[in-house]
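Fold and geometry: a report
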4 protein chains.
Amino acid sequence: MPKLTLTIFGESHGPIIGCVLAGLPAGIPVDGAAIALQMARRAPGDAAYATVRREADQPEILSGVYNGYTAGTPVAMIIRNTNTRPADYDAVAASNGDVTGDSSVAAGGGVVPRPNHADYPAAVKYGGYADMRGGGHFSGRLTAPLVFAGALCRGFLAQKGIRVAGHVSRIGDIRDSRLDPVDPGNALLERLSEAAFPVIDGVAKARMLEQLAKARADGDSIGGAVEVIATGLPVGLGSPLFDGAEGVLSRWLFGIPAVKAVAFGAGAAFAGMTGSQANDPFVMRGGDIRTATNHCGGILGGMTSGMPLTAEVTFKPTPSIAKEQQSVDLHTGQAATLAIKGRHDPCVVPRAVPCVEAAVMLGVAQLIVES
Amino acid sequence: MPKLTLTIFGESHGPIIGCVLAGLPAGIPVDGAAIALQMARRAPGDAAYATVRREADQPEILSGVYNGYTAGTPVAMIIRNTNTRPADYDAVAASNGDVTGDSSVAAGGGVVPRPNHADYPAAVKYGGYADMRGGGHFSGRLTAPLVFAGALCRGFLAQKGIRVAGHVSRIGDIRDSRLDPVDPGNALLERLSEAAFPVIDGVAKARMLEQLAKARADGDSIGGAVEVIATGLPVGLGSPLFDGAEGVLSRWLFGIPAVKAVAFGAGAAFAGMTGSQANDPFVMRGGDIRTATNHCGGILGGMTSGMPLTAEVTFKPTPSIAKEQQSVDLHTGQAATLAIKGRHDPCVVPRAVPCVEAAVMLGVAQLIVES
Amino acid sequence: MPKLTLTIFGESHGPIIGCVLAGLPAGIPVDGAAIALQMARRAPGDAAYATVRREADQPEILSGVYNGYTAGTPVAMIIRNTNTRPADYDAVAASNGDVTGDSSVAAGGGVVPRPNHADYPAAVKYGGYADMRGGGHFSGRLTAPLVFAGALCRGFLAQKGIRVAGHVSRIGDIRDSRLDPVDPGNALLERLSEAAFPVIDGVAKARMLEQLAKARADGDSIGGAVEVIATGLPVGLGSPLFDGAEGVLSRWLFGIPAVKAVAFGAGAAFAGMTGSQANDPFVMRGGDIRTATNHCGGILGGMTSGMPLTAEVTFKPTPSIAKEQQSVDLHTGQAATLAIKGRHDPCVVPRAVPCVEAAVMLGVAQLIVES
Amino acid sequence: MPKLTLTIFGESHGPIIGCVLAGLPAGIPVDGAAIALQMARRAPGDAAYATVRREADQPEILSGVYNGYTAGTPVAMIIRNTNTRPADYDAVAASNGDVTGDSSVAAGGGVVPRPNHADYPAAVKYGGYADMRGGGHFSGRLTAPLVFAGALCRGFLAQKGIRVAGHVSRIGDIRDSRLDPVDPGNALLERLSEAAFPVIDGVAKARMLEQLAKARADGDSIGGAVEVIATGLPVGLGSPLFDGAEGVLSRWLFGIPAVKAVAFGAGAAFAGMTGSQANDPFVMRGGDIRTATNHCGGILGGMTSGMPLTAEVTFKPTPSIAKEQQSVDLHTGQAATLAIKGRHDPCVVPRAVPCVEAAVMLGVAQLIVES
């Protein structure tokens with residue numbers, strides 16, 4: 001089949017967001033309930049840690065699926081934007097340039113880019129033509145089509161015995177237990193891949209919720225990380241050098257807004273290890289060649305080793321915070337302050353777990369169709 | 001121009017290694033001395049931390065350069081392999097499967113894959129057809145053409161006022177000072193980008209050398225990290241989502257053998273930060289829009305922000321160690337031990353700095369020609 | 001910008017057809033009337049030569065356009081399928097395997113592929129999962145999104161002074177006059193690029209209409225050709241060898257269903273020419289370097305020469321004909337006859353002119369953004 | 001495997017020409033004699049129709065082949081340029097701007113582009129940095145690596161029972177017999193694919209040789225065409241629309257210098273056919289689904305139909321002729337005449353047959369690895 005390609009389109013406050021996924025083979029079952037479950041994991045709800053904006057996130061499949069299976073032709077999907085509350089975004093704020101909603105349109109018709117958002121480079125790159133209301137094409141909302149595409153890939157991978165699951169491995173100072181990279185256990189993976197706030201250790205989860213509540217109360221936000229694993233992979237996916245498995249997967253993972261670090265296996269901890277600590281000895285297990293440890297995260301020389309593929313992905317804190325921040329009016333060149341009053345998660349990490357799983361599933365599907 | 005592409009070819013113990021770089025514009029000066037300097041930084045020498053194998057690493061440019069400038073057509077380059085000492089690799093070891101040189105060919109004609117090397121997945125993927133002597137196409141030696149290609153890109157970027165430099169930010173427990181991500185200083189960058197073992201802090205360098213000497217004495221190896229920076233970038237390179245600057249750069253960086261983690265800006269430290277700590281306020285500086293801090297590493301929404309681009313790249317320890325290791329004979333399925341007696345660096349990180357710089361320069365060049 | 005990509009999706013009898021066009025710069029005016037005009041040229045109407053099926057072909061732009069200009073983000077567009085008359089396609093025919101509508105579903109649940117249609121290879125390739133009703137993803141109807149995408153590119157090219165127009169150069173035995181490849185005249189190009197049945201020579205057009213009427217009366221169809229020209233191109237678009245202008249354009253042109261030959265400049269006539277006849281002498285014209293003749297169709301060495309780019313594209317006759325044809329029942333392996341009774345053009349060529357123009361405009365836009 | 005890519009590099013008067021072919025699977029036998037045979041078919045010899053310049057065309061495989069089989073890693077190959085006679089190209093001609101050899105360097109240091117050559121657009125595109133001696137990267141000599149790459153693919157296709165052969169179907173007014181597109185006969189294909197001047201009909205060949213002799217005597221050149229066929233293809237290679245088999249193949253075919261038209265099956269003759277004439281009825285033959293005729297050239301809806309794939313490719317006359325021609329001095333803007341006195345074929349078509357076969361084999365190999 002041709003190279004697997006995903007094109008995500010749409011703007012946060014346009015009529016729709018959506019995607020086209022081309023390159024999946026025909027005959028993959030498309031399970032509406034499974035898709036809806038994954039969409040719901042990503043969608044904001046009433047939980048204390050998520051924005052209260054309700055997004056229906058009803059995917060409408062427009063093409064490429066027939067009688068419940070992929071047809072082999074491009075799958076197009078849209079989600080209508082029904083709850084955009086334009087008043088939040090069109091409003092012009094008072095004298096100090098404060099902003100209502102996500103808008104970066106400030107008093108006097110000036111434009112004040114939000115720190116750590118795409119506003120400023122987008123203004124330069126697109127010369128003012130982009131629809132940046134609510135973040136536009138750069139909104140985190142654009143990850144909904146990613147999760148949809150991942151759910152289609154999940155069906156493809158399931159046919160091959162491949163399973164992908166993630167969990168919130170860190171929020172602020174609080175760390176979850178790690179997955180066992182040699183034998184994570186299917187029951188645990190199943191629980192995590194269906195949970196709204198997937199954490200292995202219940203105590204850690206409770207403390208994470210406290211951190212989130214504190215950040216919300218402070219008008220602030222907080223960063224975190226997601227650990228993800230893929231089991232059941234064949235040996236030899238991926239190619240040397242610039243077509244290696246790490247490179248292919250990292251392109252998908254860094255495509256998720258707010259991701260700033262991607263690590264495979266022991267990741268940054270490798271810097272402090274010796275070779276005799278880091279090397280994973282080969283052993284026979286039930287007639288198969290395996291490694292006794294799995295510091296390499298299932299990838300050797302850019303190729304899958306047959307061991308579980310593991311990665312950890314770090315998210316920066318949500319840049320939209322209620323606290324007052326310094327910025328600059330792009331029209332006048334004057335200093336300006338802004339305080340973002342819209343509805344925002346104090347932390348995207350819980351909702352990002354299905355996004356990370358989706359990115360990994362797309363990457364693995366790409367490696368399969370190209371290997 | 002067409003998309004910038006680099007194809008690296010060759011095997012460690014074949015006649016040559018080399019590359020073709022296509023897509024660079026015509027008219028870039030090709031400075032032989034500058035190329036030689038970068039090749040020498042990567043090449044092993046007599047230093048205590050590097051393998052004693054001497055590689056001439058003389059690049060022969062075969063095409064695409066005319067009268068000292070790029071011609072606009074593909075640049076092909078080869079380096080002859082002159083010092084391969086085949087006896088190291090063809091030797092068959094004694095009863096315990098010990099190995100001389102990098103070879104994975106063990107006693108009795110069996111094959112014993114080296115832990116954390118590409119041997120095992122390559123054996124499965126290529127079904128025994130690949131030339132794996134000395135690591136073959138997976139040898140770290142294949143980074144010499146990468147450094148060459150990076151040196152060509154350095155000329156391209158210099159025309160645009162872009163400067164790239166890296167340093168050994170960590171070996172084992174020892175960390176170097178960090179680069180100032182807002183204003184790193186051109187003199188420092190110039191010094192680092194020409195040094196054989198570039199470290200900011202001389203005390204840290206001395207302690208790193210001690211760690212390397214200890215690892216060598218132990219018959220072991222050690223991991224580390226490289227921090228890299230690019231200054232002078234225009235605003236708006238890179239595109240949303242899967243064509244973002246982080247994704248493009250990470251594909252190049254993970255293409256370097258042994259890289260297991262890539263982080264931009266504050267990287268994994270973002271997980272422990274609040275939004276009010278992490279957000280980089282916009283300020284005016286000399287008529288330009290800048291940020292007061294640069295936790296985001298010069299990338300916002302996948303696009304360059306005009307601030308220095310910063311990344312840190314973690315390398316796993318060299319897997320070839322003299323200590324005895326456990327493995328499996330692929331032919332018999334029996335447990336086997338091996339101890340690698342060849343010439344190997346205890347740590348690839350000092351020699352990897354020019355590789356990381358090259359990967360970043362190729363990534364930035366790609367972003368420029370595609371933006 | 002990233003490489004220009006067009007993904008067309010949808011099935012003839014699914015809910016929609018549509019496309020995503022990614023890679024066009026921001027700031028191109030999007031002129032609804034100009035788009036509607038081009039869509040109408042392709043859409044079937046009441047004309048004697050076109051199918052009587054009425055397709056509203058109302059494009060709905062879902063993303064990537066803001067305040068009347070391209071936003072720089074992917075442009076998604078859908079057209080709803082409103083007039084599919086499923087009875088034509090679901091009907092099961094009588095004992096001889098005759099078919100109503102486009103359907104290939106024959107008596108007894110067998111499947112009888114239509115000669116010269118995609119039915120048979122699609123059945124093998126997709127294993128029965130594709131929605132082939134009405135031709136499915138292979139229907140000529142999928143060219144409507146192509147024409148839409150071309151209309152967006154027309155705005156991009158107009159900003160650069162590039163003009164593209166085509167005409168019906170041949171139907172059956174009847175040939176139109178040729179465009180002057182050195183100076184075709186803007187007034188003529190404007191007339192052709194807006195006409196529903198663009199022909200230079202009125203007498204030829206009348207005779208073409210007679211051929212079409214005869215084919216329709218015979219229950220048959222007829223082939224033809226479209227000549228296309230692009231003026232105002234800069235010198236040097238396109239790259240050597242496999243990235244040449246002819247190769248890039250031909251991929252777009254052969255993407256139009258039923259296209260079986262693509263020729264540039266003098267095309268197949270070159271086979272009978274000598275070098276002294278074929279060579280286009282360079283001359284100065286008003287301070288510019290031009291050629292006195294233009295047999296090469298504005299492309300030398302895969303690069304545009306600054307002269308008008310000319311091509312001719314041949315279409316096979318519409319395969320859907322009322323006459324009885326021989327085929328095979330894929331389920332039983334028995335011979336079967338079919339006679340296609342649905343609504344079909346006797347000739348696609350008049351409606352194909354805007355498709356050919358669109359393919360050329362996409363190809364030229366790709367050459368520009370990649371050069 | 002990753003997408004099949006061929007990068008050809010080198011300049012006609014540089015040290016080498018060569019290529020890298022990446023993406024072929026491991027385990028394809030590499031037959032030196034078969035490669036040499038194909039290289040010899042393309043190389044000029046003593047024949048009356050070819051240039052008297054002798055090119056050794058000894059391919060040196062530098063990587064990617066091990067123990068006689070492809071290793072699965074990129075195959076790099078170079079051919080040394082040993083017979084460049086620089087005096088032909090560096091010479092500066094007399095007052096009328098005449099040129100010795102291929103050189104476009106004219107009297108007074110001016111530059112006079114040769115009509116129908118790449119000289120002029122290359123001068124603009126590369127701004128004088130390209131090495132255009134002897135045509136540089138645009139020389140027909142760059143097809144030698146193409147033929148090499150095709151020979152590797154021939155081994156890959158032979159493993160799958162696919163056979164490719166071509167013949168000189170036309171030179172000037174003289175046409176060869178056509179291949180039977182339904183059953184061309186293996187013996188004929190074998191003969192053609194090994195012949196130096198492959199023609200089906202001996203009488204036609206004799207008359208072609210007369211045309212070539214006359215063109216040479218006239219100081220002129222002549223155009224022609226090559227018909228090519230591929231048998232043994234599976235059903236369903238290629239994808240709808242812009243990834244169809246015609247589009248993929250045409251990109252490779254138009255990559256051959258001097259190709260100006262590509263036609264599949266009945267090609268341009270479709271324009272004069274009715275549907276009842278053009279449609280290929282499906283029939284059962286020995287348990288297989290076949291078509292009784294094969295006007296479509298083995299491609300339906302962009303996908304292979306399982307019938308032989310047929311195409312015809314037209315070449316313009318060699319632009320380098322001894323007759324005096326008009327041009328322009330690029331430096332002075334004055335009219336200039338030139339007469340090219342170097343060694344040139346009066347017709348490239350006989351030597352182009354292995355190039356066309358190679359392009360088809362690369363295209364088919366690409367379709368296989370991507371399908």
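These notes cover the structure that comes with them. In this text, all values refer to a predicted model and were calculated from it rather than measured experimentally. (Residues numbered from 1 in each chain as written. Chains lettered and ligands numbered in written order. Predicted model: local features only at pLDDT ≥ 70, side-chain atom pairs only at ≥ 80, totals over all residues. Heavy atoms only, no water.)

Points about the overall build of chain A
For clarity, the cut-off: Numbering of helices and strands runs from the N terminus, with a helix taken as a DSSP run of H or I at least four residues long and a strand as a DSSP run of E at least two residues long. When accessible area is computed with a 1.4 Å probe and restricted to protein chains, residues below 20% of their type maximum are described as buried, those above 50% as exposed, and intermediate ones as partly exposed. Any two residues whose heavy atoms approach within 4.5 Å are treated as being in contact. For the area figures, the Shrake-Rupley method with a 1.4 Å probe applies, and any residue is considered shielded solely by the protein chains shown.
Each helix and strand in chain A was counted, giving nine helices and 17 strands. The proportion of buried residues among the 371 residues of chain A is 64%. Counting contacts in chain A only where the partners sit at least 6 residues apart, residues at least 24 apart contribute 71% of the total. Accessible surface computed for chain A: about 11600 Å², of which carbon and sulfur atoms make up 52%.

Quick word on the relation of the copies chain A and chain B
As a reminder of what qualifies: For the least-squares superposition of copies, only C-alpha atoms count, and only for residues with pLDDT at least 70 in both.
In the superposition of chain A on chain B (RMSD 0.0 Å, axial shift 0.0 Å), the rotation amounts to 180°. Here the transformation between the copies is reduced to the relation of a two-fold axis. Judged by C-alpha distance, V262 of chain A is the residue of chain A that lies nearest the rotation axis, at 2.8 Å. The overlap is high: 100% of the interface residues of chain A also sit at the interface in chain B, so the same surface is used on both sides.

So, the environment of M284 of chain A
Tracing the sequence through the fold places M284 of chain A in strand β11 (residues 282-285). As a C-alpha pair, M284 of chain A and R141 of chain A span 143 residues in sequence and 46 Å in three-dimensional space. Ignoring any residue separated from it by four or fewer positions in sequence, one finds M284 of chain A in contact with I289 of chain A together with V328 and G333 of chain B.

What about the sheet that holds strand β1 (residues 5-10) of chain C?
What links the strands of a sheet is backbone hydrogen bonding, and the strands pair in either a parallel or an antiparallel sense. All names here are of chain C. Condition: The criterion for strand pairing is that DSSP finds at least two bridges linking the strands in question.
Taken in spatial order, the four strands line up as β1-β2-β6-β3 in an open sheet, and their pairing is antiparallel. For this open sheet the edge positions go to β1 and β3 (60-61), each flanked by a neighbour on one side alone. Strand direction decides the pairing type here: strand β2 (residues 16-22) and strand β6 (residues 75-80), joined by six bridges, are antiparallel. Following the sheet pairing, I17 is matched in β6 by I79.

What to know about the interface of chain A and chain B
We count it as follows: Once two parts are put together, the accessible area they lose, assessed with a 1.4 Å probe and summed over both, is termed the buried area. A carboxyl oxygen of Asp or Glu within 4 Å of a side-chain nitrogen of Lys or Arg is what we treat as a salt bridge. In the analysis that follows, any N or O atom pair within 3.5 Å is treated as a polar contact, provided that within protein one partner can donate a hydrogen and the other can accept it, and provided that, for residues neighboring in sequence, both atoms belong to side chains.
Taken together, the 88 residues of chain A in the interface contact 88 residues of chain B. For the pair chain A and chain B, the summed buried surface comes to about 6900 Å²; carbon and sulfur atoms form 66% of the total. A salt bridge links K260 of chain A to E246 of chain B; the shortest N-O distance between them is 3.0 Å. Viewed at the interface, chain B and chain A are joined by 38 residue pairs in polar contact (both at pLDDT 80 or more). The pairing of strand β10 (residues 259-264) of chain A with strand β10 (residues 259-264) of chain B spans three bridges and is antiparallel.

Remarks on the sheet that holds strand β6 (residues 75-80) of chain A
Residues and elements named next belong to chain A. Overall, antiparallel pairing links the four strands, which are arranged β1-β2-β6-β3 in an open sheet. Looking at strand neighbours, the two that pair on one side only are β1 (5-10) and β3 (60-61), the edges of this open sheet. Across six bridges, β1 lies against strand β2 (residues 16-22) in antiparallel orientation. Note on β2: the bridge partner recorded for F9 is G18.

A short note on the pairing of strand β7 (residues 163-171) of chain A
Residue and element names in this part refer to chain A. Most of β7 is tucked away, with eight of its nine residues classed as buried. Where β7 lies against strand β9 (residues 224-231), eight bridges are found, and the strand directions are antiparallel. Its bridge partner being in β9, V168 is matched across the sheet by V226. When β7 meets strand β8 (residues 174-175), the two strands line up antiparallel, connected through two bridges. Looking at β8, one finds that R170 is bridged to R175. Counting the residues that bridge the hairpin from β7 to β8 gives two residues, and of these G172 lies at a positive phi of roughly 55°.

Observations regarding the pattern of salt bridges
When the charged atoms of two side chains lie near each other, side chains of opposite charge can form a pair. In total, this model carries 57 salt bridges over all chains according to the counting rule given. Here the salt bridges do not stand alone but share partners, grouping R41, R154 and E357 of chain A into one network.

Observations concerning the environment of P257 of chain A
The residue P257 of chain A is located in the loop between α7 (245-254) and β10 in this model. When the C-alpha atoms of P257 of chain A and I61 of chain A are compared, they prove to be 24 Å apart, with 196 residues separating the residues in sequence. Aside from chain neighbours lying at most four places away, what touches P257 of chain A is T143 and F315 of chain A together with L241 of chain B.

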